[in-house]
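Notes for the structure review
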Amino acid sequence: MKRYRWKLLEPDEQHVVRLSEAINVSFPVARALCNRGITTFEQARSFFRPSLSQLASPFLLQDMERAVNRVMLALDKREKIMLYGDYDVDGTTGTALLCLFLREQGGDVTYYINDRFTEGYGLSSEGISFAERSGVSLVITVDCGIRAEEAIARCGKSGIDVIVCDHHEPHELPPAFAILNPKVSGCSYPFRDLCGCAVAFRLVQAVAEHLGSPEESWRKYLDLVAVATAADMVTLEGENRVLVREGLQRLRSARRESLSTMFSVMGVEAGALGMYHIAFGLAPRINAAGRMHSAQIAVKWLLASSETEARQAAEELERINQLRREVDAAMFQKADRMVEGHFASYCSSIVLYDESWHLGVLGIVASRMLEKYSLPTVIMGSMNGMIKGSVRSVEGLNIYEVLQECSDLLVQFGGHNQAAGITLRPEQLSAFRKKFDGICSEMLPAEERQKELLVDSPLKLEEITPKFMNVLEQFTPYGYGNREPLFISSGLVLAGRPRLLKEKHVKFSVKDLAGRLFDVIGFDRPDIYQVLSASPGKPFSLVYSLEKRVWNSREQWQIRLRDFAVDTPA
C-alpha cells in the first residue's frame, strides 16, 4: 500500500520561527523554505521575486568578449554564418533563437541539425562538409561541440572559425575560436548549470549590449529559453529559476506565432500554461521531430513567421508525436516484460537491449522505466553495428560519474548527472551490464533504492487558506532542483464514497474540522480505491502536494496524492 519511504525533513526550528516572523508566513511554509536552504528575509525575497537583475553579466563567461567580436566581424563583413544545433529541445530552440536574432541584425545565417540516426550526436563529417560547400566562415554550435576536437580542427583547416555554445562536461577542450561553457575550468561565470539554449541566449544578450540595442531585443527570446531549460533536466535553481519564471510570463502572453499556434493544437490556453504543459506537452512534440524524423521540422516551426506556416508545421509535429507515442508504448511494454528476467542477475540497475528498438525513443522508455522501478536505467538499441543507449538516473546518483567508471567499456558517452547517452560495441555489452550494476550497487545502497518522498512539513487541513495557497504558488516553477513542496496529514477520514476513474485513478474527498471538503486525486492508484471501499471508516495518512484549479471562474484547491497509508492504532 505504502509505495515509498517517507522522510519528514526537520529543519532547525529556530530558523523556522525566525523566518516565519520575518516574512509573515505559516510554519509549514517556513519549513518548506528552510528545507531549500532559505532561512533569511533576503534569501526569501530573492526566491519569491526572481528578476533578470540577478543574472550575472554574460561577459563573465570565458571567451565571451572574443566571441562577440567575432560575431560582429561576421555581421559587418556579411560572412556566411552556420548555426550547428543538437536535435533535442535544447538544441533546436537555441538554434532558432540565434537564427532569429542574427538575421534581425542583418546576418547571412543558415543552420544545420544532425540526423540522429545517420550522423548521431555532435559535429558530424556531413555537417562540416555542408559548411565547407556553403562557403561558411563562422560556425556557432548550440548544445554540442565541447568534445568535437577532430571536427573543429577540420573546420580550422578549412578556414572556418567555430564558437562553441555548450553546457556539457568538457574533457580536452577543442581548438575552437571561442568556447562559451560555464563548466570550463577557470571560467568565472558564477552559475554552472545553464542549458545550451541559455548559453546561446547569453551570447545574444552580449552582442545586443555591444550594439547598444534596447533590452527588448534579447528579452523577447526568454520564452524559448524557458522551454529549453524546463525540458533539459537542468536544475531549476539560481539563474535557471529566473530564466524560467521570466520566460513563462512571455509564453503566457503567446507573442510568438509558432508557440501560440502549438498551444492551439494542444488545446491549451496560453494564459494557463505551466511547467506541466512544457514538460509533457510542448517538449515531447518538439523532440518527436528529431526522434522520429528530422529536427529540421522543429526549427522550421520555431522560425515560422505566418500563422499558416506555423500551423502546418505544428500539425506535422503533432502527427509525428502521435507516431512516437505508439512506438514508445510498444517498446515500454516489451522492456517491462524483460525486467523480471533481468533482475535474476542484476538488482541495482536496469540495463536492457533489443536490436529492433527505435533509437529515437530510447530516452523516453528509460525515463518511464526509471519512474516505475526507481533504479538507474539504460535502454539500448542498435545502429550501424554499434549499440546506442540512453541512460537515466535516480535523484542522488550522478550517472555521469557512474559512466566515467565504465568508460573503458564505452566507445563514447556524454550527458549530465541525471541523463546521458552512450555508445558501445556489442561484445562489451555483457561486461558493461555487470560493471554498471556493480558501481550502482556501491553508490546506491539497498536501503536507498526504494523511492523516497521528502516531506516538508506536517499540515492540518485547517491551515490551507487562501493566503497559504498564494504563498505556495510562488514556489513555482517546479522541476529538478526545485521540487514541489510535499505535506503530510494524518488522522483523515473518508467523506462520501471513493471513485475509480478510467479503472486506475482514485478520487475521493476529506473534510477539515470546519466541514470544508477537499478533493483528493491519486493517479495510477487503484489499490487505494480498494482499501477505502473495504474500510471506509478507518483513519489514514496522506503525503501530497496542493494545486489550485479554476472551475467556472471559481478557485478550488485539490490534494494531489503522492502516497497513502492506513493509520496504525497508537
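Structural notes, computed from the coordinates. Please read all numbers here as calculations on a predicted model, not as lab measurements.

1. Here we look at the overall build of the chain
Each helix and strand in the chain was counted, giving 20 helices and 19 strands. Taking 25 Å as the expected radius of gyration for a compact globule of 570 residues, we find that the chain reaches 25 Å, a close match to that expectation. If one aligns the C-alpha atoms of the chain with their principal axes, the spans along those axes are about 75 × 55 × 50 Å. When each of the 570 residues of the chain is scored for burial, the buried share is 54%.

2. With respect to the packing of aromatic side chains
In the structure shown here, the tally under the stated rule is 13 aromatic pairs. On the basis of an interplanar angle of 85° and a centroid distance of 6.4 Å, the ring pair of F101 and Y221 is categorised as edge-to-face. Taken together, the positions of F101 in helix α5 (residues 89-104) and Y221 in the loop between α9 (216-219) and α10 (222-231) put the pair 120 residues apart, joining distant regions of the chain. Ring centres 5.9 Å apart and planes at 65° place the aromatic pair F201 and W218 in the edge-to-face group. In this pair, F201 sits in helix α8 (residues 196-211) while W218 sits in helix α9, placing the two residues 17 residues apart along the sequence. For W218, a relative accessible area of 6% gives the class buried. Grouping aromatic residues by their ring pairs yields a cluster made of F47, F48 and F475. Between K2 and the ring centre of W6, over which it is positioned, the NZ or CZ distance is 4.4 Å. In this arrangement the basic side chain of R66 is found over the ring face of F177, its NZ or CZ atom lying 3.8 Å from the centre.

3. Focus on the pairing of strand β17 (residues 517-522)
Two elements, strand β16 (residues 505-511) and β17, share six bridges in a ladder whose sense is antiparallel. Within β17, the position partnered with K507 by the bridge is I521. Counted between consecutive antiparallel strands, the loop separating β16 from β17 contains five residues, among which G515 sits at a positive phi close to 90°.

4. Things to note about the nonpolar core
Grouped together as the largest cluster of nonpolar side chains are 105 residues, with contacts concentrated most on L102, I140, L203 and W301. Top element by residues in this core is α8. It accounts for ten residues. Dropping the residues within four chain positions of it, W301 is found in contact with S258, L259, M262, L282, I286, A310, A313, A314 and L317. By size, the runner-up hydrophobic cluster in this structure holds 39 residues, among which are L33, L459, F508 and L532.

5. A short note on empty space enclosed by the protein
On inspection of all chains with the given rule, the structure shows one cavity of 30 Å³ or more. Reported here for the largest cavity is a volume of approximately 30 Å³. In terms of lining residues, the largest cavity is bounded by V531, L532, S535, K538, F540, F564 and V566. Looking at the lining of the largest cavity, the elements with two or more residues in it are α20 (526-534) and β19 (554-566).

Cut-offs and rules
Throughout, residues of each chain are indexed from 1 in the direction in which the sequence is written. Where totals are concerned, whole chains, interfaces and linings use all residues; where local detail is concerned, this predicted model gives features only for residues with pLDDT of at least 70, and gives and counts side-chain atom pairs only at 80 or more. No hydrogens and no water enter the side-chain calculation; it runs on all heavy atoms of the structure. Helix and strand definitions follow DSSP, with helices as H or I runs of at least four residues and strands as E runs of at least two, each counted in order from the N terminus. Radius of gyration: over C-alpha atoms. The globule rule applied is 2.2 Å multiplied by the number of residues raised to the 0.38 power. Throughout, exposure labels follow a simple rule: accessible area from a 1.4 Å probe, protein chains only, divided by the maximum for the residue type, with under 20% read as buried, over 50% as exposed, and the rest as partly exposed. In this scheme Phe, Tyr and Trp rings, the latter by its six-membered ring, pair at centre separations within 6.5 Å, and the angle between planes marks the pair as stacked below 30 degrees, edge-to-face above 60, and tilted otherwise. For a ring to carry a charge above it, either NZ of a lysine or CZ of an arginine must fall within 6 Å of the ring centroid while also lying within 35 degrees of the normal to the ring plane. Pairing between strands is defined by DSSP: at least two bridges between the two strands are required. Side-chain atoms within 4.5 Å are what join buried Ala, Val, Leu, Ile, Met, Phe, Trp, Tyr and Cys residues into a set we call a nonpolar core. Between two residues, a contact is recorded if the distance between any of their heavy atoms is within 4.5 Å. Cavity: a set of points on a 1 Å grid over the protein atoms alone where a 1.4 Å probe fits but cannot get out. Pocket: an open set with protein on both sides within 12 Å along at least five of seven lines, its lining residues, like those of a cavity, having an atom within 4 Å of a point. Grid points are joined across faces, edges and corners, and a volume is the space filled by probe spheres set on the points.

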